[in-house]
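If you want the building blocks of each chain, they are given just below.
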Amino acid sequence: DNVGFVYSLNLENGELIWIKNLDVSLKSRIKIFDNKIFLVNQDNRIICLDIKTGAKVWDIRLVTSFIKAQSFNSLAISKSGNLFSLSTTGELIKAKTTNGTIQWSLNAAPSTFSHDTDFFKSSNIVITEEEVIFFASKYLLSFNLFNGYLNWSKDLSSTSIPIIDGNNIFLV
């Protein structure tokens, strides 16, 4: 919710199982993998909670932006359990879901000027077998899933989610 609460409810009867107050507004959709919950707060902190108890397992603190974004941060998890997060400053990271260890980090913002990072906008991250794809500012970007190297960049402006089908990407 907008004040940092995470709730776990019983699906059958709606009974509250646990509640966790993270003290800061949450700015991502919930992702679940391997009995863990993953979220990002407004300060670009990636938080991992135990799904059964709500206890914090680990967190990663990324650079915060001066202006707090009103949109959600992008968060995705690969089939092999790697977490990808795109912060409000344009930082893209790959981390292990098991312990939060950052495997690589890069700047996906068009420049490092504060205006570009304070007003950074992006789409959700889409993951293929070998790529991380998303819109950032005026570009559609493809990065190598394993090492973070830029595969390609196209000058296209959108914040919609790229749709991948076979060898094609569809955009609006």
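Right above here is the structure, for reference.
Heads up: these notes are all about the structure in this document. Position labels on residues start from 1 in each chain and follow its written sequence. Where totals are concerned, whole chains, interfaces and linings use all residues; where local detail is concerned, this predicted model gives features only for residues with pLDDT of at least 70, and gives and counts side-chain atom pairs only at 80 or more. The side-chain figures draw on all heavy atoms in the structure; neither hydrogens nor water molecules are used.

1. Overview of the side chain of Asn 41
In this structure, Asn 41 sits in the loop between β4 (36-40) and β5 (45-50). A simple rule labels every residue: compare its accessible area, found with a 1.4 Å probe on the protein chains alone, to the largest value its type can have, and call it buried under 20%, exposed over 50%, or partly exposed in between. By relative accessible area, Asn 41 is classed as buried at 3%. In terms of polar contacts, Asn 41 uses its side chain to reach the backbone amide nitrogen of Asp 43, at 2.9 Å. Sequence-distant contacts of Asn 41, defined by excluding residues within four places in its chain, comprise Val 24, Ser 25, Leu 26, Lys 27, Ile 47 and Asn 73. The secondary structure listing takes helices from DSSP runs of H or I that are at least 4 residues long and strands from runs of E that are at least 2 residues long, numbered from the N terminus. Here a polar contact is recorded for every N or O atom pair within 3.5 Å, except that within protein the pair must consist of a potential hydrogen donor and a potential acceptor, and residues adjacent in sequence are included only if both atoms are side-chain atoms. Should any heavy atoms of two residues lie within 4.5 Å, those residues are considered in contact.

2. Overview of the pairing of β4
Every regular strand shows the same layout, with side chains that alternate between the two sheet faces. The buried fraction of β4 amounts to five of the five residues, a majority that puts the element mostly inside the structure. Both faces of β4 are covered, namely the face carrying Lys 36, Phe 38 and Val 40 and the face carrying Ile 37 and Leu 39. Any two strands between which DSSP finds at least two bridges are classified as paired. The pairing of strand β3 (residues 31-33) with β4 spans three bridges and is antiparallel. Opposite Ile 32, over in β4, you have Ile 37 as the bridge partner.

Shape descriptors only; they carry no functional weight alone.
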